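# Structural overview
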Amino acid sequence: MRIHIEESDARMKYLTASLLKRGYNIAAPEEIGERPCCLIVSPGMKTHMLHDWMKRLPARSILVGGQGDPALFQAAGRLGLRYVNLSADEAFAVGNALPTAEGALMLILEHTDSTVCGMDIMILGFGRVGRALAPRLQALGARVTVAARRYEQRSLAQSMGLATERADRLPDRDKPGVAGVGDDIRKVLRPVARDLPA
């Protein structure tokens with residue numbers, strides 16, 4: 001089965017180079033023909049784009065992506081395709097959290113006038129990315145607080161030497177006159193949010 005890789009980001013280019021070194025026959029998605037194939041797309045590709053790719057694939061093909069929307073699996077079944085969700089693979093998801101955490105650190109450095117050392121930083125949620133980011137910020141001397149809903153996540157954060165808050169008890173910063181825990185964080189995130197893709 002021929003492998004096609006949609007090279008929209010550095011990870012996909014790395015994958016292409018790695019597979020070529022191992023002797024796999026890799027082609028661009030534009031070369032998809034009438035025979036069943038395997039198409040690997042960026043894990044961050046939006047659901048509607050994955051649906052578009054499904055319509056272009058011949059029956060009995062495999063589409064590898066990173067979205068877990070049940071509608072994708074249903075559409076694949078109707079079209080005679082197999083959809084593989086990479087984000088359901090824990091090893092992949094953890095590995096993908098590392099560059100995401102590093103990207104968050106880069107944004108913090110780009111959008112502040114001070115060093116991370118001594119900075120108060122709150123991480124909202126303590127999933128894979130939060131667990132990858134917190135120790136890196138802490139190692140740089142930041143005072144890190146984790147705001148999480150689940151007790152287990154807050155306990156894990158505390159075991160790592162991090163301060164914690166219950167996410168459901170954070171002040172409602174949308175109310176006029178409320179100076180909440182995250183006011184300094186919003187000063188950082190406001191310019192960052194403008195740079196993030198919609």
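Residues numbered from 1 in each chain as written. Predicted model: local features only at pLDDT ≥ 70, side-chain atom pairs only at ≥ 80, totals over all residues. Heavy atoms only, no water.

### A word on the confidence of the model for the protein chain
Interpreting fine coordinate detail is not advised for predicted regions of low pLDDT. To keep things clear, this is the line we draw: The predictor attaches a confidence to each residue, called pLDDT, with possible values from 0 through 100. Under the scheme used here, helices are H or I runs from DSSP no shorter than 4 residues and strands are E runs no shorter than 2 residues, and both carry numbers assigned from the N terminus. Contacts are assigned to residue pairs with any non-hydrogen atoms lying within 4.5 Å of each other.
Summary statistics for the protein chain give a mean pLDDT of 84 and a share of 86% for residues scoring 70 or more. The secondary-structure element of the protein chain with the lowest mean pLDDT is helix α7 (residues 183–195), recorded at 44, while helix α6 (residues 151–159) shows the highest, at 96. Note that pLDDT drops below 50 for residues 176–198; the model gives that stretch 21 contacts with residues more than four away or on any other chain.

### Overview of the sheet that holds strand β2 (residues 26–27)
We apply this condition: DSSP-based pairing: two strands are paired if at least 2 bridges between them are found.
The 5 strands lie next to each other as β2-β1-β3-β4-β5, forming an open sheet whose pairing is parallel. Strands with a single pairing partner mark the edges of an open sheet, and in this sheet they are β2 and β5 (82–85). With 4 bridges connecting them, strand β1 (residues 2–5) and strand β3 (residues 37–40) associate as parallel partners. Considered in β3, the bridge of I3 is made with C38.

### Observations regarding the nonpolar core
Keep this limit in mind: By nonpolar core is meant a set of buried Ala, Val, Leu, Ile, Met, Phe, Trp, Tyr and Cys residues that side-chain atoms within 4.5 Å join together. Any residue under 20% of the maximum accessible area for its type is buried, any over 50% is exposed, and the rest in between are partly exposed; the area is computed with a 1.4 Å probe on protein chains only.
Counting residues in each nonpolar core, the largest one holds 18 residues, and the members touching the most others are V116, I121, F126, L137, V144 and L162. Breaking this core down by element, the ones donating at least two residues are α4 (90–110), β6 (120–124), α5 (128–139) and β7 (143–148). Sort the elements by how many residues they give to this core and α5 lands first, with 4 residues. Once residues within four sequence positions are removed from consideration, L137 is found in contact with L105, I108, V116, I121, I123, A142 and V144.

### Considering the pattern of salt bridges
Here is the rule we go by: Here a salt bridge means any side-chain nitrogen of Lys or Arg lying within 4 Å of a carboxyl oxygen belonging to Asp or Glu.
Evaluated as defined, the whole model comprises 6 salt bridges. Across the salt bridge formed by R11 and D9, the nearest N and O atoms sit 2.9 Å from each other. Notably, a salt bridge pairs D168 with R166, separated by 2.8 Å at the nearest N-O pair.

### Looking at the side chain of S61
The condition that has to hold: Whenever a nitrogen or oxygen atom comes within 3.5 Å of another N or O atom, the pair is scored as a polar contact, on the condition that within protein one atom can donate a hydrogen and the other can accept it, and that pairs from neighbouring residues in sequence are kept only if both atoms are in side chains.
As for its placement among the helices and strands, S61 is situated in the loop between α2 (47–56) and β4 (62–65). Of note is the side chain of S61, whose polar atom sits 2.8 Å from the backbone oxygen of P58. The residues contacting S61, other than those within four sequence positions of it, are R35, P36, C37, G80, L81 and R82.

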